[in-house]
Amino acid sequence: MKDIAAHALIVSMDREAKRLELVRNEGNRVLGDASRPPFREESFDAILVDAPCSSLGIIRKHPEIKWHKREKDISALGDSQVKLLKTLWGALKTGGRMVYSVCSFEPEETTGVIERLRRSEKFTLENPLPFLFNKEYFLSLPHETGMDGFFIAKLRKL
Ligand SMILES: C[S@@+](CC[C@H](N)C(=O)[O-])C[C@H]1O[C@@H](n2cnc3c(N)ncnc32)[C@H](O)[C@@H]1O
């Protein structure tokens with residue numbers, strides 16, 4: 001981590017101060033709403049959006065999730081993920097990469113979000129974990145992988 005920080009400017013953003021306090025690169029923390037980001041157009045080579053989601057992929061560790069989430073919450077979370085990605089897309093340089101991840105496997109939050117983004121933005125999907133999988137995105141289904149449910153897509157902006 002130290003090596004990356006020495007060679008790159010890393011900016012971390014969250015709307016909750018407590019979450020930002022966990023970030024080690026103290027100089028570049030932004031407290032605010034990422035759906036209204038303060039960043040200039042085409043500022044970043046790479047953006048990681050570890051998006052707020054239903055967390056259904058980690059229900060084995062947090063079984064209480066089933067009492068807190070309703071079916072309609074999943075599509076609403078998908079909507080807000082699309083909004084976040086679209087808004088932050090402008091801050092990404094052409095040719096840069098956006099990594100979108102969620103601890104969910106629901107289509108409304110994963111592949112559906114990518115398809116909706118495709119309607120307005122131009123990108124290609126790159127394998128996010130080429131040393132592990134040979135797919136254009138990573139989708140862990142617990143009954144197949146034995147791991148938590150998780151989704152990662154890496155988008156190269158055209
Ligand atoms: C899946 S968690 C990210 C966890 C983080 N990557 C980590 O490893 O601790 C999603 C985060 O998004 C934040 N968040 C939700 N909506 C947001 C918004 N509109 N703007 C900025 N942050 C937001 C939440 O506070 C939460 O910390």
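Residues numbered from 1 in each chain as written. Predicted model: local features only at pLDDT ≥ 70, side-chain atom pairs only at ≥ 80, totals over all residues. Heavy atoms only, no water.

What about the overall build of the chain?
And step 1. The secondary structure content of the chain amounts to 6 helices and 7 strands.
And step 2. In sequence order, the chain lays out its α and β elements as α-β-α-β-β-α-α-β-α-β-β-α-β.
And step 3. Compactness check: the chain gives a C-alpha radius of gyration of 16 Å against a globular reference of 15 Å for 158 residues, within 12% of the reference.
And step 4. Across its three principal directions, the C-alpha atoms of the chain cover 40 × 35 × 30 Å.
And step 5. Considering only intrachain contacts with a sequence separation of at least 6, the fraction spanning at least 24 residues in the chain is 65%.
And step 6. Roughly 10,300 Å² of accessible area belongs to the chain as shown, and the carbon and sulfur atoms make up 52% of that amount.
And step 7. The averaged location of the 23 negative side-chain charges in the chain is 2 Å from the averaged location of its 26 positive side-chain charges. (Helix = DSSP H or I, 4+ residues; strand = E, 2+ residues; numbered from the N terminus. Rg over C-alpha atoms; globule rule 2.2 N^0.38 Å. Contact = heavy atoms within 4.5 Å. Areas by Shrake-Rupley, 256 points an atom, 1.4 Å probe, with all protein chains shown as cover. Lys, Arg positive; Asp, Glu negative; His and termini not counted. Charge placed at Lys NZ, Arg CZ, Asp CG, Glu CD.)

Focus: helix 4 (residues 71-89)
And step 1. Across its 19 residues, helix 4 extends 28 Å between first and last C-alpha, which sits within 8% of the 27 Å expected from 1.5 Å per residue.
And step 2. Among the residues of helix 4, Ile74, Leu77, Gly78, Gln81, Val82, Leu84, Leu85, Leu88 and Trp89 are the ones counted as buried. Taken around the axis of helix 4, the buried residues stretch over an arc of 165°, which confines them to a single face.
And step 3. Of the surrounding secondary structure, the elements contacted by the buried residues of helix 4 are strand 3 (44-50), strand 4 (92-102), helix 5 (111-118), strand 5 (123-126) and strand 7 (150-157). (Expected span 1.5 Å × (residues − 1). Buried < 20%, exposed > 50% of the residue type's maximum accessible area, 1.4 Å probe, protein only. Arc of directions from axis to C-beta.)

Some points on helix 5
And step 1. What helix 5 keeps buried is the set Val113, Ile114 and Leu117. Mapping the buried residues of helix 5 onto a view down its axis gives an arc of 100°, with all of them on the same face.
And step 2. Contacts made by the buried residues of helix 5 are with helix 4, strand 4, strand 5 and strand 7.

Some thoughts on the nonpolar core
And step 1. Residues Val49, Met98, Tyr100, Ile114 and Leu155 are the most contacted members of the largest nonpolar core, which totals 28 residues.
And step 2. Elements supplying a minimum of two residues to this core: strand 3, helix 4, strand 4, helix 5, strand 5 and strand 7.
And step 3. The element that contributes the greatest number of residues to this core is helix 4, accounting for 6 residues. (Core = buried A, V, L, I, M, F, W, Y, C linked by side-chain atoms within 4.5 Å.)

Regarding the domain arrangement of the chain
And step 1. According to the domain assignment, the chain consists of domain 1 (1-32) and domain 2 (34-157).
And step 2. Between the C-alpha centres of domain 1 and domain 2 there is a distance of 20 Å.
And step 3. Facing the 4 residues of domain 1 at the interface are 5 residues of domain 2.
And step 4. Counting the surface lost from both domain 1 and domain 2, the interface buries some 330 Å², and carbon and sulfur atoms represent 85% of this.
And step 5. Of all residues in domain 1, the largest losses of buried area upon contact with domain 2 belong to Val11, Met13 and Val30, amounting jointly to 83% of the total for that side.
And step 6. Applying the counting rule to domain 1 against domain 2 returns 0 salt bridges.
And step 7. Considering only residue class, the side of domain 1 that touches domain 2 consists of 3 nonpolar, 1 polar and no charged. (Domains from an automatic or database assignment. Buried area = accessible area lost by both parts, 1.4 Å probe. Salt bridge = Lys/Arg side-chain N within 4 Å of Asp/Glu carboxyl O. Nonpolar A, V, L, I, M, F, W, Y, C, P; charged D, E, K, R; others polar.)

Points about the site of the ligand
And step 1. In the vicinity of the ligand, the contacting residues are Asp14, Arg15, Glu16, Arg19, Gly32, Asp33, Ala34, Asp50, Ala51 and Pro52.
And step 2. Taking Ala34, its main chain carries an N or O atom lying 2.8 Å from a nitrogen atom of the ligand.
And step 3. For the ligand, whose unbound accessible area comes to 590 Å², protein coverage reaches 69%. (Near = heavy atom within 4 Å. Polar contact = N/O pair within 3.5 Å; in protein donor to acceptor, adjacent residues only side chain to side chain.)

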